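Here's the letter readout for the chains.
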Amino acid sequence: MPTMLRSDVPAKCCSCCGGRDHNYEDCPKRKSDAERQKDASGNAYQRGAAAGVEVR
């Protein structure tokens, strides 16, 4: 009977989303969250600049 376990393949578990098919560094949710956060900070700057307020 064939075994289901593959000892030659390292186990993967993402600490960000809990996915078993990728590691933390390769997490698509983490990457999309980072892009969303970057866009949100850029939008705050644009809103402030349009209102004539200096954003730091």
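Numbering of residues starts from 1 in each chain and follows the order in which that chain's sequence is written. In keeping with the model being predicted, local features are shown solely for residues with a pLDDT of at least 70 and side-chain atom pairs are shown and tallied solely at 80 or more, while totals for entire chains, interfaces and linings include all residues. For the side-chain quantities, the full set of heavy atoms in the structure was used; hydrogens and water were omitted.

Caption draft 1: Looking closely at the environment of Arg-36. Numbered from the N terminus, helices here are DSSP runs of H or I no shorter than four residues, and strands are runs of E no shorter than two. Checked against the element boundaries, Arg-36 lands in helix H1 (residues 28-51). What makes Arg-36 exposed here is its relative accessible area of 54%. Here a polar contact is recorded for every N or O atom pair within 3.5 Å, except that within protein the pair must consist of a potential hydrogen donor and a potential acceptor, and residues adjacent in sequence are included only if both atoms are side-chain atoms. Reaching out from Arg-36, the side chain makes a polar contact with the side chain of Asp-33 at a distance of 3.2 Å. The classification of residues rests on relative accessible area computed with a 1.4 Å probe and restricted to protein chains. Under 20% of the type maximum is buried, over 50% is exposed, and intermediate values are partly exposed.

Caption draft 2: Broad picture of the side chain of His-22. Looking at where His-22 falls in the secondary structure, it is placed in the segment before H1. A polar atom in the side chain of His-22 sits 2.6 Å from the side chain of Asp-21. Should any heavy atoms of two residues lie within 4.5 Å, those residues are counted as being in contact. In contact with His-22, not counting residues within four places along its chain, are Lys-12, Cys-13, Cys-14, Cys-17, Cys-27 and Pro-28.

Caption draft 3: Focus on the environment of Asp-21. Tracing the backbone through its elements, the reader meets Asp-21 in the segment before H1. With relative accessibility at 62%, the residue Asp-21 sits in the exposed group. On a C-alpha basis, the gap between Asp-21 and Ala-11 in space is 8.8 Å, while along the polypeptide they are 10 residues apart.

Caption draft 4: Main features of the pattern of salt bridges. Salt bridge, as used here, is a side-chain nitrogen of Lys or Arg placed within 4 Å of a carboxyl oxygen of Asp or Glu. Under the counting rule described, the total for this entry stands at 2 salt bridges. Its salt-bridge partner being Asp-33, residue Lys-29 comes within 3.0 Å of it at the nearest N-O pair. Separated by 4 residues within a single helix, Lys-29 and Asp-33 lie in helix H1, roughly one turn from each other. The class for Lys-29 is partly exposed, based on a relative accessible area of 43%. A salt bridge links Arg-36 to Asp-33; the nearest nitrogen and oxygen atoms lie 3.2 Å apart.

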